[in-house]
Amino acid sequence: MQLNFISNAKFKKALCGFLSIQLLFVTSAIPVKEESKSDDSTDFSIVVLPDTQYYTSEKNGGKNEMFKAQTDWIIKNAAKEKIAYVVQLGDISDDGEKFPKEWENAAEAMYILDKPQAGYPHGIPYGMAVGNHDQTKSQYPLSGKTDQYNKYFGIDHFKDKPWYGGHYGNNNDSHYDLFTAGGVNFITIYFEYDSYDEDIENLNDWASQLLEKYKNRKAILISHSIVHFNKTTGTNEKGFPQFSKQGQRVFDRMKRYPNVFMTLSGHVGDNGEGYRQDGYAGNIIKSYLSDYQSRPNGGHGLMRLMSFSKANDLVSVRTFSPYTHEEEKDADSEFTTPWFHHTNVARYLDFNNDQTTELMFFSKGKWKISGQSDINFGQDGDIAVPADYNGDGKVELAVYRPSEGAFYQQDGRSVKLGQQGDIPVPRDYDGDGFADFAVYRPSNMTWYFNGLDSVKFGVKNAIPVPADYDGDGITDLGFFNTKNSLWQIAGIGNIPLQLPHVPGDIPVPADYDGDGRAEMAVYRPSTGEWIIDRMKEPLKFGEKGDIPVPGNYLKDGKAHPALLRNGKVFLLNNKTINTSGLDMTNLINLPAHVRRFFFQ
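For every chain, the first residue of the written sequence is number 1, and numbering continues from 1 onward in sequence order. Where local features are concerned, this predicted model is filtered to residues with pLDDT of at least 70; where side-chain atom pairs are given and counted, the filter is 80 or more; whole-chain, interface and lining totals use all residues. Note that water and hydrogens are dropped before the side-chain values are worked out from all heavy atoms of the structure.

The next point concerns the overall build of the chain. On a plain count of helices and strands, the chain comes out with ten helices and 38 strands. Two things to know: the radius of gyration comes from C-alpha atoms, and the globule rule equals 2.2 Å times the number of residues to the power 0.38. At 26 Å, the chain has a C-alpha radius of gyration in line with the 25 Å of a compact globule built from 600 residues. Considered along the principal axes of its C-alpha atoms, the chain spans approximately 80 × 50 × 45 Å. Exposed residues in this analysis have more than 50% of their type's maximum accessible area, buried residues have under 20%, and partly exposed residues fall in between, with area computed by a 1.4 Å probe over protein chains only. Residues counted as buried form 60% of the 600 residues belonging to the chain. When checking whether two residues touch, look at their non-hydrogen atoms; a contact exists if any pair is within 4.5 Å. Restricting to contacts in the chain with at least 6 residues of sequence separation, those with at least 24 account for 59%. All accessible areas in this document rest on Shrake-Rupley with a 1.4 Å probe, and a residue is counted as covered only by the protein chains that are shown. As displayed, the chain offers around 23,700 Å² of accessible surface, 49% of which is attributable to carbon and sulfur atoms. All tallies of charge rest on Lys and Arg as positive and Asp and Glu as negative; His and the ends of each chain are not included. Note that the charge is assigned to NZ on lysines, CZ on arginines, CG on aspartates and CD on glutamates. Computed over 63 positive and 78 negative side-chain charges, the inter-centroid distance for the chain is 4 Å. Segments assigned H or I by DSSP are reported as helices when at least four residues long, segments assigned E as strands when at least two residues long, and all are numbered from the N terminus.

Below you can see the structure in the form of structure tokens.
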């Protein structure tokens, strides 16, 4: 490291790296008198502005008018879209330390957000990341310079903003903001670009203390580079992009904090878009990449609007340019994902994205779904296998046809997989948010998947019960042994429930406590009890002849014990679910192979 190239501010910041992180945190915090608040309604949006380097430098066909068109659109649509916050992803300039004009252009575009307007007395809240093109020397947070960034978007510019939380070290290269939207409190943490690990551990320590201090705030982590672009352009399915080096360092450290739910980044402009999701201990963190600088005309003003619906627990992404008025409609530019509750554990058989399980009937090609018109799809002999096959949080109708060894979806997609005697078990086995077609073959105790390698794992006299038992977002292969009530889960082990084996116990794994992990559980018809892992005592709920049909019936992110009895579905406390118009003799809310084993 050549100290003669370090600015005074950077030299002070370097010294801070040798001090305790406790001192760093205390000296960098700025008291917040009030935070930014949005409308109390459950819907709001966040704007994401990807790399603007060719707009501010006016290179490669880019124009600063494209940047100004983006922020002008924000001003004009703030009330309509309920914009709560704006994120700029770094590489604000192309070589701004050499050419200050680029920062003048950036200020001309961004400062318009500072102006008070109706509903925004302090301006529209925003934060800006530091990318490698904003540093000289590039990619080094300590030995590089960011004087121009801090001149225009430093501490002095933001210190009186009600949403501004504070900064790391002696400048604003890494900082955090606080805001509230839709009744949810947020913290956004900005990490300066650091691809050579020059200061990453101290920076991660600072961010960790913030996440602990603000543990009741949902956290968005922002850095210029976190993930690369999708392996398959035009879709978020089949093959996650890799983390960048810094992104991996940040994720590995921050994944333990359950308030982290999202990362945003740019930097990688070749294909422009990337998405991955990663689970840890019941929490799913979604990472979004958007960067269009490598497109014609420097990105031609493309930006993103991320709309959040608390009522439906969804995040919807829209990609468009207010400069050219184009809209990108492919599946990695315009898409919807669950926000907090995910289909692997907390959205079981949710047909209409209302966060609740629908009662579903299927027989001979006819579907009846609570609250919906009848649907004709499939034929006699098919097995109903609805699941979230496109990652949007709701199930799509699908059937498995044993006579053909094939899956069919209502949208026309079909996949040849399986043979007579196989058990269809579609689930998300790779953690990408999309259910995978899959079958278990008892004859050779092997699992077969569409697009994934087969797995030899089986247990005689056992029922397959795949579920996400450890909360990593990936379905675990599992069995319930009817001979001894032992649960055998791949990668986890052989696990008994706390009570002795009783013949006839029915496996009903689900997330009964809302922690993002499926619990091993059985319904015991002989005593009318639910025995749920980690629950101290069995739950007495059931009568002779009842069929267990647990589901997310109460819109709280948890599965609830439920029973089919005399054509009605009962919940605890004498609650019932409307079953009018449904033939309950063919209810599919209990998996077909489980129901067939115990009741047919």
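Residue-level confidence of the predictor is summarised by pLDDT, bounded by 0 at the bottom and 100 at the top. Across the chain, the average pLDDT comes to 91, with 93% of residues at 70 or higher. Residue range residues 1-34 is modelled with pLDDT below 50. Its contacts to residues more than four positions away, or to other chains, number 61 contacts.

Alternating residues of strand β20 (residues 398-401) divide into Ala398 and Tyr400 and Val399 and Arg401, and every residue in both groups is buried. Criterion used throughout: strands pair if DSSP finds at least two bridges between them. Relative to β20, strand β19 (residues 383-384) runs antiparallel, the two being bridged by two bridges. Its bridge partner lying in β20, Ala384 is registered against Val399. For β20 and strand β21 (residues 406-409), the ladder comprises four bridges, and the chain directions are antiparallel. By the bridge assignment for β21, Val399 is matched with Tyr408.

Let's shift gears to the environment of His157. Position of His157 among the secondary structure elements: in helix α7 (residues 155-158). If sequence neighbours within four positions are ignored, His157 has contacts with Tyr111, Asp114, Tyr126 and Tyr152. Reaching out from His157, the side chain makes a polar contact with the side chain of Asp114 at a distance of 3.1 Å. Here a polar contact is taken to be a pair of N or O atoms separated by no more than 3.5 Å, where protein atoms must pair a possible hydrogen donor with a possible acceptor and residues adjacent in sequence count only if both atoms sit in side chains.

Attention now goes to the packing of helix α4 (residues 64-81) against helix α5 (residues 101-110). For any two helices packed against each other, the geometry comes down to the angle between their axes and how far apart the axes lie. Running from N to C, α4 and α5 cross one another at 25 degrees; their axes reach a closest spacing of 8 Å. Taken as axis vectors, α4 and α5 run roughly parallel relative to one another. You can see that α4 and α5 cross each other, and the crossing is right-handed. Across from Asn64, Phe67, Lys68 and Thr71 in α4, the residues of α5 making contact are Asn105, Ala106, Glu108, Ala109 and Met110. Lys, Arg, Asp and Glu make up the charged group, whereas Ala, Val, Leu, Ile, Met, Phe, Trp, Tyr, Cys and Pro make up the nonpolar group; the residues left over, Gly among them, are polar. Split by residue class, the contact of α4 with α5 holds four nonpolar, three polar and two charged. Only the stretch in contact is used when a helix axis is fitted, and all axes are lines through C-alpha atoms; the angle between N-to-C directions ranges over 0 to 180 degrees. Should an angle fall under 35 degrees it is taken as roughly parallel, and over 145 as roughly antiparallel, whereas 65 to 115 is taken as roughly perpendicular and any remaining angle as oblique. Each crossing is labelled by how the near helix is turned from the far one, with a counterclockwise turn of less than a right angle marking it left-handed and a clockwise turn marking it right-handed.

Before going further, it helps to spend a moment on the environment of Asn64. Positionally, Asn64 belongs in helix α4. Counting along the chain gives 44 residues from Asn64 to Glu108, while the straight-line C-alpha distance between them is 9.0 Å. Other than its neighbours up to four places away in sequence, Asn64 contacts Tyr55, Thr56, Glu58, Asn105 and Glu108.

The subject of this paragraph is the pattern of salt bridges. We define a salt bridge as a contact between a side-chain nitrogen of Lys or Arg and a carboxyl oxygen of Asp or Glu at a distance within 4 Å. One pass over the full model with this rule turns up 31 salt bridges. One salt bridge in this structure joins Glu519 and Arg534, with 3.0 Å as the shortest N-O distance. In this pair, Glu519 sits in the loop between β31 (506-507) and β32 (521-524) while Arg534 sits in the loop between β33 (529-532) and β34 (539-540), placing the two residues 15 residues apart along the sequence. Classification of Glu519 as buried rests on a relative accessible area of 1%. Three or more residues are tied together by salt bridges with common partners; here these are Asp513, Asp515, Arg517, Glu519, Asp533 and Arg534.

The subject of this paragraph is the UniProt feature "domain: Calcineurin-like phosphoesterase" (unreviewed entry) in the chain. UniProt positions are given in the numbering used here, feature names are shortened, and annotations may be inferred rather than shown by experiment. According to UniProt, the feature "domain: Calcineurin-like phosphoesterase" (unreviewed entry) maps to residues 46-233 in the numbering used here. When the span residues 46-233 is considered, its composition is 30% helix and 20% strand, and the gap between its end C-alpha atoms is 24 Å.

Another point: the packing of helix α8 (residues 200-213) against helix α9 (residues 245-254). With their axes 10 Å apart at the nearest point, α8 and α9 run at an angle of 40 degrees to one another. You can see that α8 and α9 cross each other, and the crossing is right-handed. Contacts between α8 and α9 involve Ile200, Glu201, Leu203, Asn204, Asp205, Ala207, Ser208 and Leu211 on the former and, on the latter, Gln246, Arg249, Val250, Arg253 and Met254.

Another point: the nonpolar core. Here, the term nonpolar core denotes a set of buried Ala, Val, Leu, Ile, Met, Phe, Trp, Tyr and Cys residues that are joined through side-chain atoms within 4.5 Å. Judged by nonpolar contacts, the single largest core of 59 residues is most densely connected at Ile74, Phe153 and Leu264. Tallying contributions element by element places α4 first for this core, with six residues. Discounting residues that sit within four places of it in the chain, Ile74 has contacts with Val47, Leu49, Ile83, Val86, Leu113, Ile124 and Met303.

Aromatic pairing here means that ring centres of Phe, Tyr or Trp (its six-membered ring) are within 6.5 Å. Orientation follows from the plane angle: under 30 degrees is stacked, over 60 is edge-to-face, and everything else is tilted. In the structure shown here, the tally under the stated rule is 43 aromatic pairs. Here Phe44 and Phe308 contribute two aromatic rings whose centre-to-centre distance is 5.0 Å and whose plane-to-plane angle is 0 degrees, an arrangement assigned as stacked. Highlighted residues: Phe44 in strand β2 (residues 43-49) and Phe308 in strand β12 (residues 303-309), separated in sequence by 264 residues. Here, a charge over a ring means that NZ of Lys or CZ of Arg falls within 6 Å of the ring centre while also lying within 35 degrees of the ring normal. Directly above the aromatic system of Tyr408 lies the positively charged group of Arg401, at a separation of 4.4 Å from the ring centroid. Across the ring face of Phe570, the terminal group of Arg565 is positioned such that the distance to the ring centre comes to 4.8 Å.

Considering the arrangement of structural elements, one finds Glu102 in helix α5. No salt bridge is formed by the buried Glu102; the nearest opposite charge belongs to Lys59, separated by 4.9 Å. When near neighbours in sequence (up to four residues on either side) are disregarded, Glu102 contacts Thr56, Ser57, Ser93, Asp94, Asp95 and Gly96.

On to the sheet that holds strand β37 (residues 568-570). Strands pair in a sheet through their backbones, by hydrogen bonds, and they do so in one of two ways: parallel or antiparallel. Spatial strand order, β35-β36-β37-β38: four strands in an open sheet with antiparallel pairing. The open sheet has two edge strands with one neighbour each: β35 (547-548) and β38 (576-577). One ladder, built from two bridges, connects β35 with strand β36 (residues 563-565); its direction is antiparallel. In the sheet register, Pro548 faces β36, and the bridge partner there is Leu563.

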